[in-house]
Each structure stands twice: as C-alpha cells, then as structure tokens.
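This is what each chain is made of:
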Amino acid sequence: MPFFAGIWAFGQGTPRPDNAINAGAELRPGELAREVRCAANAEQSYALYLPKNYTASRKWPVAYAFDPAARGNVPLELMKDAAEKYGFILAGSNNSRNGPRKAEGEAAQAVMQDVQARLAIDNRRSYFAGFSGGARVAALIAQGCQCAAGVLLSGAGFPQDAPPSREVAFPVFAAVGTYDFNYVEMVQLDAKLQALGYTHFMRQFDGPHQWAPAAVMEEAFAWFRLVAMKEGREPRDDVFVALQSSQAMERARSIEQSGDLYAAWKEYRQAERTFDGFTAAAALRARAEALEKEKAVREGAKREEREFTEQRELTADIFARMAALGQNSVNRADVRLQVEQQILALYGGTEHEKHAEKLRVLKRALADVFAQAMETGEARLRAKDAARAQDYFQLASDAAPDSLWALSDLAVAEAEDSNRKGALETLRHAREKTKDFTQFSEWLKEEPAFASWRNTADFRALLVDPAPQR
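A quick note: this is a predicted structure, and the numbers were derived from the prediction, not measured.

J.: Mind laying out the overall build of the protein chain, listing which residues take part and the relevant values?
T.: Each helix and strand in the protein chain was counted, giving 16 helices and eight strands. The C-alpha atoms of the protein chain give 24 Å as radius of gyration, which agrees with the globular expectation for 470 residues (23 Å, within 12%). Computing the positive centroid from 60 side-chain charges and the negative centroid from 65, the protein chain places the two 2 Å apart.

J.: Before we move on, can you summarise unusual backbone geometry with the specific residues and values?
T.: Positive phi, close to 50°, is recorded for Gln146, a residue that is not glycine. As for its position among the elements, Gln146 is in the loop between helix H3 (133-145) and strand E6 (148-154). By relative accessible area, Gln146 is classed as exposed at 60%. One non-glycine residue, Lys384, lies in positive phi territory at about 65°. Counting through the fold element by element, Lys384 comes out in the loop between helix H11 (356-382) and helix H12 (386-399).

J.: Provide a residue-level description of the packing of aromatic side chains, including the pertinent values.
T.: For the structure shown, the criterion picks out 25 aromatic pairs. Centroid distance Phe437 to Phe440: 6.5 Å. Interplanar angle 45°. Geometry classified as tilted. Placement of the pair is Phe437 and Phe440 together in helix H15 (residues 437-446), with a separation of three residues, close to one helical turn. Ring geometry for Trp443 and Phe450: centres 5.5 Å apart, planes at 90°, overall edge-to-face. Each residue in the set Phe88, Tyr127, Phe173, Phe201, Phe221, Trp223 and Phe224 is aromatic and connected to the rest through ring pairs, giving one cluster. Across from the ring centre of Tyr183, 3.9 Å away, lies the NZ or CZ of Arg364, which sits over that ring.

J.: Account for the state of the cysteines, naming residues and giving values.
T.: By the definition in use, this model includes one disulfide. A sulfur-sulfur separation of 2.1 Å characterises the disulfide bridge that pairs Cys145 with Cys147. Between Cys145 and Cys147 the sulfur-sulfur dihedral comes to about -80°; the bridge is accordingly left-handed. Accessibility assignment for this pair places Cys145 and Cys147 in one class, buried. In this model Cys38 remains outside any disulfide bridge; the closest cysteine sulfur is found in Cys147, 17 Å from its own.

J.: Residues and numbers for the sheet that holds strand E2 (residues 41-49), please.
T.: Spatial ordering of the open sheet is given by E1-E2-E4-E3-E5-E6-E7-E8, a layout of eight strands whose pairing is mixed. A single partner strand is all that each edge strand has here, and the edge strands are strand E1 (32-38) and strand E8 (200-205). In this sheet, neighbouring strand axes are inclined to one another by 20° on average, regardless of whether the strands run parallel or antiparallel. Examined bridge by bridge, E1 and E2 share five bridges and lie antiparallel to one another. Following the sheet pairing, Leu32 is matched in E2 by Tyr49. Against the sheet, H3 makes contact with strand E3 (60-66), strand E5 (121-131) and E6, and its axis sits at roughly 150° relative to E5, the strand it touches most.

J.: I'd like a description of the pattern of salt bridges, backed by residues and values.
T.: Evaluation of the coordinates by the stated rule reveals 35 salt bridges. When the shortest N-O distance is used, the salt bridge between Lys266 and Glu304 registers 3.3 Å. Highlighted residues: Lys266 in helix H7 (residues 261-274) and Glu304 in helix H9 (residues 295-327), separated in sequence by 38 residues. When its relative accessible area of 11% is taken as the criterion, Glu304 is described as buried. Note that Arg321 and Asp317 form a salt bridge whose closest N and O atoms lie 3.2 Å from each other. Taken as a pair, Arg321 and Asp317 lie in helix H9 at a separation of four residues, close to a single helical turn. Judged by relative accessible area, which is 27%, Arg321 ranks as partly exposed. Shared partners join several salt bridges into a network, and the residues in it are Asp122, Arg125, Arg225 and Glu234.

J.: Account for the pairing of E8, naming residues and giving values.
T.: Extensive coverage of E8 is indicated by the burial of five of its six residues. Sheet topology note: the strand E7 (residues 172-177)/E8 ladder contains six bridges and is parallel. Looking across to E8, one finds that Ala175 is bridged to Arg203. Since E7 and E8 lie parallel, the crossover through helix H4 (residues 183-196) that links them has a hand, and here it is right-handed.

J.: Provide a residue-level description of H3, including the pertinent values.
T.: The end-to-end C-alpha separation of H3 is 19 Å, in line with the 18 Å expected for 13 residues at 1.5 Å each. Taking burial as the measure, the 13 residues of H3 include 11 buried ones, the bulk of the element. All of the buried residues in H3 are Gly133, Gly134, Ala135, Val137, Ala138, Ala139, Leu140, Ile141, Ala142, Gln143 and Cys145. Count one or two residues on from H3 and you reach Gln146, which has phi positive near 50°.

J.: Kindly report on the side chain of His200, identifying the contributing residues and their values.
T.: With respect to the secondary-structure elements, His200 resides in strand E8. Given the relative accessible area of 4%, His200 is considered buried. Polar side-chain contacts of His200 include one of 2.8 Å to the side chain of Asp190. Within polar-contact distance, the side chain of His200 engages the side chain of Gln194 at 2.7 Å.

J.: Now, about the pairing of E2: what can you tell me, with residues and values included?
T.: In sequence, E1 turns back onto E2 through a hairpin of two residues. Note that E2 and strand E4 (residues 89-93) share four bridges and pair antiparallel. When the sheet's bridge partners are listed, Tyr46 is paired in E4 with Ser93.

J.: Kindly report on the packing of helix H5 (residues 214-231) against helix H6 (residues 238-257), identifying the contributing residues and their values.
T.: H6 packs onto H5 with a crossing angle of 130° between their chain directions and a minimal axis gap of 11 Å. As the angle between them shows, H5 and H6 are arranged oblique. The crossing of H5 and H6 is left-handed. Contacts between H5 and H6 involve Glu219, Ala222, Arg225, Leu226 and Met229 from the first element and Phe240, Val241, Gln244 and Arg251 from the second.

What counts, and at which threshold
- Residues numbered from 1 in each chain as written.
- Predicted model: local features only at pLDDT ≥ 70, side-chain atom pairs only at ≥ 80, totals over all residues.
- Heavy atoms only, no water.
- Helix = DSSP H or I, 4+ residues; strand = E, 2+ residues; numbered from the N terminus.
- Rg over C-alpha atoms; globule rule 2.2 N^0.38 Å.
- Lys, Arg positive; Asp, Glu negative; His and termini not counted.
- Charge placed at Lys NZ, Arg CZ, Asp CG, Glu CD.
- Buried < 20%, exposed > 50% of the residue type's maximum accessible area, 1.4 Å probe, protein only.
- Phe/Tyr/Trp six-rings, centres within 6.5 Å; stacked < 30°, edge-to-face > 60°.
- Lys NZ or Arg CZ within 6 Å of the ring centre and 35° of its normal.
- Disulfide = S-S within 2.5 Å.
- Pairing = 2+ DSSP bridges.
- Axes fitted to C-alpha atoms, helices over the stretch in contact; angles between N-to-C directions.
- Contact = heavy atoms within 4.5 Å.
- Salt bridge = Lys/Arg side-chain N within 4 Å of Asp/Glu carboxyl O.
- Right-handed = clockwise from strand over helix to strand, strands pointing away.
- Expected span 1.5 Å × (residues − 1).
- Polar contact = N/O pair within 3.5 Å; in protein donor to acceptor, adjacent residues only side chain to side chain.
- Parallel < 35°, antiparallel > 145°, perpendicular 65-115°, else oblique.
- Left-handed = near helix turned anticlockwise from the far one by under 90°.

As structure tokens, this is what we get:
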C-alpha cells in the first residue's frame, strides 16, 4: 500500500482527551500558535489556529496545510480570518517540506494524528491545502486517504506520477498567480478536472508563485462550505448561499464590464457550476451561454494558448543550455556564460516591457527559469556536487536578484565547495536583502555548512543587524 494511503487510519478512532484544549498553554482559541509539538513524536510539530468560539462540545471542520519550506504558520496567517469567519480549525505542518516523499508522509501523519487526539474534529469535513510542492503533498494525501472533503491547491497541481483520476475524486479549489510559472499547468489542470467530472474551481490573482492571498483564502473556505452543503456534509444555509451567489454574480459582472469577455465567460461558467442545485444557477448559466457566442470569447481562448506557446519558446533554449551545463566538463564556462546572458536578457525584458500580455509571458517564463535553476541546483547539492550547484544558484539569482532563497543556497554551495570568500560575500548580499534579520541570523547560526568558521570575525560581523546603517 502506498505510504500516503495509510495516513488517515492513524487519525481514526484515537481517543480525544476531555481536557484536550488545556493540554498545553499554546492551545488558545483565537490565537495562532506557531509550534505545537506532537505528543507521539516531539520532533514533529505544527502551527495551530482554533476559532475563538472553539469548544470540545461539538465537532469542527479542519484544514491541514503543507508549505514547501516547512513554514506551518505562513499559510495559517493567510487563512485564519477565513477560518474564524467560517469556523475551521487550521493545522500547518512545521516538518513537511520539498524533499523525500517518505518524510512528507511522516510529517502529515504526525500532525493529523495529534490534531485528532487533541481536538474535536468532524472527520467528514477534513480539508488539505498546500502551496507549490506542498500542493502536490495535499493532493497525494487526498488521493491516498480518500477522506478529503476538499483540497486547496495553490501554485501547483497533482504530482506527475499521481495525476487526477475518476476513481478517486474530491472537490478542488485551485489558486494561481498571474505571473506564476505554473500558471499554464493550473489552467490545464482545471480543464482536466472538468473532463474527469471533478467538482472544481480556479481563482487567479495578481502575483507570482506564492501562497494565495487572504482574500482568495476566504473565497476558498466559503466555496468549501457551499460544496459541503451540496454534498450533505453540513446543513444548508439559505442566507449564506444567497450572499455567496450575489457576490459571485457581482464578480462576474465586474470582469465583464472591464471588457475581458473571455475571463468573464469563464467566471460565469464556474460560478454556475458552483451553484448548480441552488436557485442562483439559472441566471449564471444564462449569462455564460450568451457570452459563449461572442467572438471575443473564442479569440480569448486562442490568445491564451498563444501566450502558453510563447512561454515555452522563450524557455526552451535556456533549459537546453542549463541541461548541457550539468553534463559538459570541457566548455562549461562558455555554456554558463551563454545561458547567463540569455537569462539577463529575459530579465531585462520584464523590466522594460509595457504591454500587459507580453509582460505576463515574460514574467512567467523568467519565473520558470528561476524554478528550474533552483530545483536543479538543490538536486546537485544533495548529490554532493557543490561546484555545479553554485552555477545553478547563480543563474537563479540572475533570474531573481532579490531572492533570498537563491542567495542562501548559493552561499551554502560555496561553503561546501570550500569557497569561503565567495560564501561570505554572498551572505553579505543576503543580509542586505532579508526582511527578517532575526530569522536570517538564526539560520546563520544553525546552518551546518558554516560550522567550521562560525567563530571568525568575518562571520560574527554577519550577525550584526545592518538596519541602523540603512
């Protein structure tokens, strides 16, 4: 049996202590606890949010969140207002991160088991949410446990080796930034879910590859409630349905009035699917059918496909050269210079392009290059090939000069390649760009790659907050 398939069994039937909410001082309704250690395994922990009116006298829906960098509090900060409004418990793993699937499964198992033991959970309303690699974890858990009332996928879809299927279907709310390199994937996933008969919804927002913002989180949790009412998982609330249908109609009309009929048609169509079975669906369906006849809608679909093709064309040669960089040992410096020049030219395009559609394509392509460089660099670092890892992290920094992630990984690779001077210089740049000096300094103190020169004057200088000088 696949590892994720057995996860839910650990949460079923576990006795819940009568005094669960008092089991630790961190379990305070209305406050976000950044770290709740699992009783069965103290090395596993999660961030937790309980609604202010939480009581163990009734059962509550729960959303488990998975961040690709094991930051359990990050999604909960974005979700907690929606959770408070709609009555959801939130739990975000502090251990699940991009990496081996076994470790991701163990982290998911630990948080689900502990939440089930501590709190009053409605097992018929268990939801999973994730961003980027965490989204793939959320989808995989839902497939394995066959227990999901819904899944929120932000910035990525299903794992490549576990695509959606008719056999294991569950409601999917997808969210993606306008400039996300995975935008194409998410649009194609939406179409595939429709073909497979999934209950699904996709919301795009202005932004890059990131967790969906708080406003989208609220929409997602409201959508989950509507679907739960249609499926009989919670009682129907006609006042809530009427309010949500009114807001859906207003959103669609606003897009239509902006002149983007293709986007408006898609909005009416998915709103009609959401409210199918409710009285509001008829008006939404009628408007979607009317817009479908418009030439602008047909042209919009063609334009979108052209953008996808242009993105692939912009990245194809860069990806080919990046692959050659990992294989070539003779003219490696030349290959690196060529690909670096291509990336810098692409970056320059994003800085100067004024046409909105062209800028979208350029930004998605550049983000795709950044992601590919980071993934390849981290793979080389895991393979103990720090020299080539440096190449890829430097290319990632060329694509995203303000990325603290790229600079941090570059410094680690330089340190592991015995390039102390280069690592110190990179860390100085990273220190200048960090928005959370405390977190940055804690990372410096804990990163094993810097252990041998942590007591030097140059390294200690990095631990001095430069803010007063800025």
